[in-house]
Amino acid sequence: GLADRLQSTIQKIRGKGKVTESDVKEMMREVRLALLEADVNFKVVKDFVKKVSERSVGQEVMKSLTPGQQVIKVVKEELTELMGGEQSKIAVANRPPTVIMMVGLQGAGKTTTTGKLANLLRKKYNRNPMLVAADIYRPAAIKQLETLGKQLSMPVFSLGDQVSPVEIAKQAIQKAKEDHHDYVLIDTAGRLHVDEALMDELKQIKELTKPDEIFLVVDAMTGQDAVNVASSFNEQLGLTGVVLTKLDGDTRGGAALSIRSVTNTPIKFVGLGEKMDAIEPFHPERMASRILGMGDVLTLIEKAQANVDEEKARELEQKMRTASFTFDDFLEQLGQVRNMGPLDELLKMMPGANKIKGLNNLQIDDKQIAHVEAIIKSMTKQEKIQPEMINASRRKRIAKGSGTSVPEVNRLLKQFEDMKKMMKQMAGMQQKGKKKGGFK
Ligand code: GDP
Ligand code: MG
């Protein structure tokens, strides 16, 4: 996928103490190919590569102490910018209800997303939404929304399939006002292709309901087609946002990168599965991190999941999040982590890892691992949980017991402390991120 290709390109340039124009050129050639292969719009790729190249051969990068890192930073910033920079928020009407119109082609995920979004609005933002079944054409479309409504214990407004969608929308808003709903989500009909009849109907609903948001639901798996669909809907209706669905199945990721710059419409949410909680606000920076494999806890967890059983992976995740990691865990993880790849590489995936002093010394090779294991096994139960208590005489005892040396014991204790600090910082960042609706 895109991430893999960009990451291997990045590995090549990361550590370079000197970056020449031809290094940048070579990297950009690979970035270009990776993006095109991921089905990113051709023009978008061209502009992107141009921008990154210009900035990368500029003074700010070449004169810096870590040009390799700087180039990556530029790539990340430009990727973030490409996807819209800041995360965009969902509108709130001055006078409730806030009306959200869901539009898109048939099968894109409108009805599902209507349910997911209502669920999110209630759970995360404490809102009281009402759903409106305005797709009278697709057989069982009304029933589908009603079923979701029942599942979510959320009211669904419907007048059957004999009343026009425009009339349904009109009466729905009246009803929402009476019942004090603060959000109204209108699930509209789709077609297999963009056509005039569909657009006319949607325009009428828009005219009448004056929606605060018009969200286009598009299927990420359709790649460039998703971008084309977004363009025509935007021209005809004036979208306020895009919901990119089925990102769980999209391995190429091209649509996420093209939509914003081609249509100038922000991606506001992404769908990551069929379940009602499989939706997330879209964070351009987080997505860029994900694509580049930088500071990406999710990737780390995925790696853990691929190599250890799920139960253990969840434990590891939990311990990392809460930084309640003991030497016993450390020992247990050592073996598993070794299957995942070099430990220092894994640690670099953690957000903020590059800012933590001492991390670069945190290199544990296979030969050392045997020593590390011996040292940990020579600790008492209490020492493993509370390494702060390991004073000079305890250090001596541990060194003797493990057949290592005091400096080795010291080094491990220091490394462990650094690691815990980093985990704490990471957990803190996630907390902070949560409040802002995203983590950096
Ligand atoms: P609509 O015609 O636009 O209303 O599309 P539906 O909401 O009926 O969805 C069509 C199909 O896509 C259904 O089987 C959904 O379960 C599925 N679907 C919707 N969103 C997602 C998603 O984010 N991920 C996955 N994997 N499937 C999705
Ligand atoms: Mg539908």
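Residues numbered from 1 in each chain as written. Chains lettered and ligands numbered in written order. Predicted model: local features only at pLDDT ≥ 70, side-chain atom pairs only at ≥ 80, totals over all residues. Heavy atoms only, no water.

### Overview of the packing of aromatic side chains
Under the defined criterion, the tally for this structure stands at two aromatic pairs. One cation-aromatic arrangement involves arginine 191 over tyrosine 137; the distance from NZ or CZ to the ring centre is 5.3 Å. (Phe/Tyr/Trp six-rings, centres within 6.5 Å; stacked < 30°, edge-to-face > 60°. Lys NZ or Arg CZ within 6 Å of the ring centre and 35° of its normal.)

### What to know about the site of ligand 1
Looking at ligand 1, there are 18 residues lining it, with Gly107, Lys110, Thr112, Arg138 and Asp248 nearest. Within the backbone of alanine 108, a nitrogen or oxygen atom sits 3.3 Å from an oxygen atom of ligand 1. Aspartate 248 is positioned such that a nitrogen or oxygen atom in its side chain is 2.7 Å from a nitrogen atom of ligand 1. With four residues, the single largest contributor to the shell around ligand 1 is helix α6 (residues 110-125). (Near = heavy atom within 4 Å. Polar contact = N/O pair within 3.5 Å; in protein donor to acceptor, adjacent residues only side chain to side chain. Helix = DSSP H or I, 4+ residues; strand = E, 2+ residues; numbered from the N terminus.)

### Brief notes about unusual backbone geometry
The linkage connecting proline 96 with the following residue, proline 97, adopts the cis geometry, with an omega of 0°. With respect to the helices and strands, the residue proline 97 is situated in the loop between α5 (67-82) and β1 (98-103). Backbone geometry places aspartate 39, a non-glycine residue, at a positive phi of 70°. Residue placement: aspartate 39 occurs in the loop between α2 (21-37) and α3 (42-56).

### Overview of helix α12 (residues 284-292)
The periodicity of an α-helix, 3.6 residues per turn, causes residues three or four positions apart to be oriented the same way. Burial analysis of α12 places seven of its nine residues in the buried class, the great majority of the element. By the burial criterion, the buried members of α12 are Pro284, Arg286, Met287, Ala288, Ser289, Ile291 and Leu292. (Buried < 20%, exposed > 50% of the residue type's maximum accessible area, 1.4 Å probe, protein only.)

### Remarks on the nonpolar core
One finds Phe48, Val75, Val103, Leu216, Phe233, Leu244 and Leu257 to be the most contacted residues of the largest nonpolar core, which totals 72 residues. Not counting the four nearest positions on each side in its chain, leucine 257 is found in contact with Leu2, Leu35, Val40, Val44, Leu79, Leu82, Met83 and Ile291. By size, the runner-up hydrophobic cluster in this structure holds 23 residues, among which are Leu117, Leu121, Leu145 and Met276. (Core = buried A, V, L, I, M, F, W, Y, C linked by side-chain atoms within 4.5 Å. Contact = heavy atoms within 4.5 Å.)

### Here we look at the sheet that holds strand β4 (residues 183-188)
Here eight strands make up an open sheet; going across it, the order is β3-β2-β4-β1-β5-β6-β7-β8 and the pairing mixed. Strands at the two margins of the open sheet, each flanked by one partner only, are β3 (156-157) and β8 (279-281). With six bridges joining them, strand β2 (residues 129-134) and β4 adopt parallel strand pairing. Bridging across to β4, valine 132 finds its partner in isoleucine 186. (Pairing = 2+ DSSP bridges.)

### A few points about the pairing of strand β5 (residues 213-219)
Every other side chain in a regular strand lies on the same face of the sheet, so the side chains alternate between the two faces. Among the seven residues in β5, seven count as buried, and that is most of the element. Burial of the side chains of β5 extends over both faces: Glu213, Phe215, Val217 and Asp219 are buried on one face and Ile214, Leu216 and Val218 on the other. Bridge count between β1 and β5: four bridges; the pairing is parallel. What sits directly across from isoleucine 100, in β5, is glutamate 213. Two strands pair when backbone bridges link them, and β5 and strand β6 (residues 241-245) are joined in this way by five bridges, in the parallel orientation.

### Focus on the confidence of the model for the chain
In the predicted model, the chain carries a mean pLDDT of 83, and the fraction of residues at 70 or more is 81%. In the predicted assembly, ipTM is 0.99 and pTM is 0.68. (pLDDT = per-residue confidence, 0-100.)

### What to know about the pattern of salt bridges
In the structure shown here, the tally under the stated rule is 15 salt bridges. The salt bridge involving glutamate 213 is made with lysine 268; its shortest N-O contact spans 3.3 Å. In this pair, glutamate 213 sits in strand β5 while lysine 268 sits in strand β7 (residues 267-271), placing the two residues 55 residues apart along the sequence. Under the relative-accessibility criterion, glutamate 213 is labelled buried at 1%. Aspartate 418 serves as the salt-bridge partner of lysine 414, at 3.0 Å between the closest nitrogen and oxygen. With lysine 414 and aspartate 418 both in helix α20 (residues 406-436) and four residues apart, the pair spans about one turn of that helix. By relative accessible area, aspartate 418 is classed as buried at 8%. If you follow the salt bridges from partner to partner, you end up with Arg55, Lys73, Glu77 and Glu78 in one network. (Salt bridge = Lys/Arg side-chain N within 4 Å of Asp/Glu carboxyl O.)

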